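# A structural walkthrough
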Amino acid sequence: MENVWRDIQYGARMLRKSKGFTAIAVLTLALGIGANTAVFSVVNAVLLRPLPYGDPDRLVFLTEWSEQVPNMSFSVANFKDLRDQNRVFKSVFGSNSTSLILTGSGPEAERVNVRRVTSGMFDTLQKTPILGRAFTPDEDKPGAARVVLLGEGFWERRFGRDPGIVGKAITLSGESFNVIGVMPGSFHTSWKTTDAFTPLLFLEDRIGGENQRGNHPGIYVVGRLKEGVTVEQARTDVKALAKRLSEEHPMSNARQSMTVEPMLNAVVGDLRPALMLLLGAVVLVLLIACANVANLLLSRAADRQKEMALRMAVGGNRTRLIRQLLTESVLLSSLGGLVGIGLGYAGVRGLVASLPANVPRADEIGVDGSVLVFTAVVAVLTGLVFGLAPAWKVSSADMNETLKENGRGTATPGQHRLRNSLVIAEISLALILLVGAGLLLRSFYRVIDAEPGVRTAGVLAANLPMPDSRYGKPEDRVLLVERLLEKIQATPGVRSAAFTLPLLGGWQSSFNIEGRPEPLPGQRPSADTTRVTPDYFKTMGVRLLEGRSILATDRADTPPVCLIDETFAKTHFPGESALGKRVKFGDLTDATSPWMEVVGVVAHVKNYGVDQPSRVEIYLPMYQRNSNSATIVVETAGDPASLAAGLREAVRSVD
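To start, this report covers the structure provided alongside it. Since we're looking at a predicted model, the values are computed, not measured.

### Quick word on the overall build of the protein
A tally of helices and strands in the protein yields 18 helices and 20 strands. Classification of the 655 residues of the protein by burial places 46% in the buried group. For the protein, restricting intrachain contacts to residue pairs at least 6 apart in sequence, the fraction spanning at least 24 positions comes to 79%. Carbon and sulfur atoms form 57% of the exposed surface of the protein, whose accessible area is close to 31,300 Å².

### Quick notes on the pattern of salt bridges
Under the definition given, this model contains 24 salt bridges. Among the salt bridges present, the one from Arg146 reaches Glu175, with a minimum N-O distance of 3.7 Å. Remark: Glu175 occurs in strand S7 (residues 175–183) and Arg146 occurs in the loop between strand S4 (131–132) and strand S5 (147–151); sequence separation between them is 29 residues. We classify Arg146 as partly exposed; its relative accessible area is 38%. Glu175 sits in the partly exposed class, given a relative accessible area of 32%.

### Focus on unusual backbone geometry
Residue Pro502 is reached from Leu501 by a cis peptide bond, and omega for that bond is -10 degrees. Considering the arrangement of structural elements, one finds Pro502 in the loop between strand S12 (494–501) and strand S13 (507–513). Residue Arg161 is not a glycine yet carries a positive backbone phi of 60 degrees. The topology assignment puts Arg161 in the loop between helix H5 (152–159) and strand S6 (169–172). On the basis of relative accessible area, Arg161 is assigned to the partly exposed category, the value being 34%.

### Observations concerning the packing of helix H15 (residues 474–489) against helix H18 (residues 644–654)
Put simply, H15 and H18 touch, their axes get as near as 9 Å, and they point 135 degrees apart. Taken together, H15 and H18 sit at an angle that is classed as oblique. Like other packed secondary-structure pairs, H15 and H18 cross with a definite hand, here right-handed. Each of Leu480, Arg483, Leu484, Lys487 and Ile488 in H15 lies in contact with H18, whose residues at this interface are Leu647, Ala650, Val651, Ser653 and Val654.

### Section: the pairing of strand S8 (residues 196–199)
Neither face of S8 is exposed, since Ala196 and Thr198 on one face and Phe197 and Pro199 on the opposite face are all buried. Note that strand S3 (residues 110–117) and S8 share four bridges and pair parallel. Within the sheet, the bridge partner assigned to Arg116 lies in S8 and is Thr198. Relative to S8, S5 runs antiparallel, the two sharing two bridges. Paired with Leu149 across the bridge in S8 is Phe197.

### Section: the environment of Glu110
Looking at where Glu110 falls in the secondary structure, it is placed in strand S3. Each C-alpha atom, one on Glu110 and one on Leu100, is 8.4 Å from the other, the two residues being ten residues apart in sequence. Here Glu110 is in contact with Leu100, Ile101, Leu102, Phe154, Arg157 and Arg158, once residues within four sequence places are set aside. At 2.5 Å, the side chain of Glu110 and the side chain of Arg157 are in polar contact.

### A short note on the packing of helix H3 (residues 76–85) against helix H6 (residues 231–248)
The N-to-C vectors of H3 and H6 enclose an angle of 130 degrees; their axes lie 11 Å apart at closest approach. Classified by the angle between their axes, H3 and H6 sit oblique to one another. As for how H3 packs across H6, the hand of that crossing is right-handed. Side by side, H3 and H6 meet where Asn78, Asp81, Leu82 and Gln85 of the first sit next to Val238, Leu241, Arg244 and Leu245 of the second. The class makeup of the residues in the contact of H3 with H6 is four nonpolar, two polar and two charged.

### As for the packing of aromatic side chains
Under the defined criterion, the tally for this structure stands at nine aromatic pairs. Here Phe61 and Tyr220 contribute two aromatic rings whose centre-to-centre distance is 6.0 Å and whose plane-to-plane angle is 15 degrees, an arrangement assigned as stacked. On the criterion of sequence distance, the pair formed by Phe61 in strand S1 (residues 59–65) and Tyr220 in strand S9 (residues 220–225) is long-range, its members being 159 residues apart. Take Tyr220: its relative accessible area is 30%, and that puts it in the partly exposed class. With a centroid separation of 5.1 Å and 75 degrees between ring planes, the pair formed by Phe537 and Tyr619 is classed as edge-to-face. Of this pair, Phe537 sits in helix H16 (residues 536–540) while Tyr619 sits in strand S19 (residues 617–621), and the two are 82 residues apart along the sequence. Here Phe537 matches Tyr619 in class, with each residue buried. Of the aromatic side chains, those joined through ring pairs into one cluster are Phe511, Phe568 and Phe573. Geometry around Tyr623 places Arg555 over its ring, the cationic atom sitting 4.4 Å from the centre.

### With respect to the nonpolar core
Counting 24 residues, the largest nonpolar core has Leu484, Ile488, Phe499, Ile632 and Val634 as its most contacted members. Elements with a contribution of two residues or more to this core: strand S11 (459–465), H15, S12, strand S20 (629–636) and H18. When residues of this core are assigned to their parent elements, the largest contribution, six residues, is made by H15. With sequence-adjacent residues up to four places away left out, Leu484 is seen in contact with Leu464, Phe499, Ala650, Val651 and Val654. Formed by 19 residues, the second largest nonpolar core is a distinct cluster that contains Val88, Phe89, Val229 and Ala242.

Cut-offs applied
Residues numbered from 1 in each chain as written. Predicted model: local features only at pLDDT ≥ 70, side-chain atom pairs only at ≥ 80, totals over all residues. Heavy atoms only, no water. Helix = DSSP H or I, 4+ residues; strand = E, 2+ residues; numbered from the N terminus. Buried < 20%, exposed > 50% of the residue type's maximum accessible area, 1.4 Å probe, protein only. Contact = heavy atoms within 4.5 Å. Areas by Shrake-Rupley, 256 points an atom, 1.4 Å probe, with all protein chains shown as cover. Salt bridge = Lys/Arg side-chain N within 4 Å of Asp/Glu carboxyl O. Axes fitted to C-alpha atoms, helices over the stretch in contact; angles between N-to-C directions. Parallel < 35°, antiparallel > 145°, perpendicular 65-115°, else oblique. Left-handed = near helix turned anticlockwise from the far one by under 90°. Pairing = 2+ DSSP bridges. Polar contact = N/O pair within 3.5 Å; in protein donor to acceptor, adjacent residues only side chain to side chain. Nonpolar A, V, L, I, M, F, W, Y, C, P; charged D, E, K, R; others polar. Phe/Tyr/Trp six-rings, centres within 6.5 Å; stacked < 30°, edge-to-face > 60°. Lys NZ or Arg CZ within 6 Å of the ring centre and 35° of its normal. Core = buried A, V, L, I, M, F, W, Y, C linked by side-chain atoms within 4.5 Å.

As structure tokens, then:
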């Protein structure tokens, strides 16, 4: 240990003597180590760190599956069958999301992101409130008293962490909810924008029941595996259950199955390949830095050959000299690591600020103990990687020949070969990075050059829930939309405005075409279904290709109409005009679903991204078929964000 300390002291003196060399080497290494620290911070938080639940490796995420919709939500009836008939889960819970309006708890109304859950959530995730209590099974039944759990962030922001909020009532969308507790901040890992939790309340008369088994109201399921049960065993069990349900309920469940995947995979989604590619790229950057520093050390080694020869002449051995030189290299890389940590902190802040809003677990990204350990290991390994070859070459030089040399030492042929090898390696690594960067830029260019079919700049979007307590009747919702559009269009800076539901990529709806036979169960075609007001296509820049657009006169008391996109027309009406054709949702015998005449064809919109496949789409007049929520879209003359305040004021002036 005493020798190690002496090596460190000696190495520090040598680095101090060569301030220019040390500064360049440390900065070069710091850039490579700092980049690795920043990227590993993201990888660690998103991919490696366990989810903040009890025994998270036993949590899985479930969806229903069909050929038309590979990952769809559960129907209420199918979820109940899964919950009651499975043999592999200790507990399961279902949840969906909604928006409610908080009023009476401050100077302004606020839209609250709410996740509605079944009472099994607490046993499944093994999470309990930090204040108050959890839901009881009785509170998850129709007719139960309305209760709510606040998210910790929302509790802090809106109620100043007041513990007295428990037991008080708050008003959400005109309904009174009793606050029974507060969930911990870490709870929102999978649903990071959740402000509050309420019981799902199985309202069979509205969203469930045997006669609506084919209705999928956005319920997704999380399960906790029993001890000893693997994910693959769970997949086998739920697929067998889905097969049994498809046989028992062919009209709604034919050709359907269920999927199971680890919860972390469901949270991370398709980010894993991109993050691992990014980590691989910064590792190559670090290797290039190592090659640079190794070359610097070889250049410096020529000046130290006689020093090493003299030390061997007075009794030093090769192993001792290699250890001394490696100590200096590790000391140099450690200094680079210390500076790299500072650069990593700054890099993490920049990465987090530039990440899209929907990146999961972004709020957990930071330089923590795991990242510091990673940086320390990287620094030591870096010192060994760039220091080993120069140390071996310097210590293996012929002592007698070196001492005979007069004047300054010069590099040996072996050192020249090593330096050339390092240069070749550095060029190769740089070439790999350049080729990779070129391919990524080429892909990126294709993405940004692709035509999405919808205006992507100068548009402001805002969600607007319409509480049933105030707008329970369709005619009331239509009147509200018309009054809001009048106010918004009169706002300075607004070119056009419209309502849509949802914003992009509508709900999946199966349909039939008039004059064609009823498809076999499970084979009925489906389309994305979107409800819009007349100026939607103008506002979003969607081209009308044939026929007419949706009109203000398309009302509940006029014949039902729809528009389809060009992909729908080419798929289902190839070689003929789609105008005048009629389609209806559901099966042919459903008298509650009217036939709709196709009055127009619009350009296809790539709702799921220009690099992702998207489905055929049907557009419905919102004045004929409306809902209790919608999204306002506004084409602006300038910066869309500058109109946010004016849009809020327009809404406030109406309600």
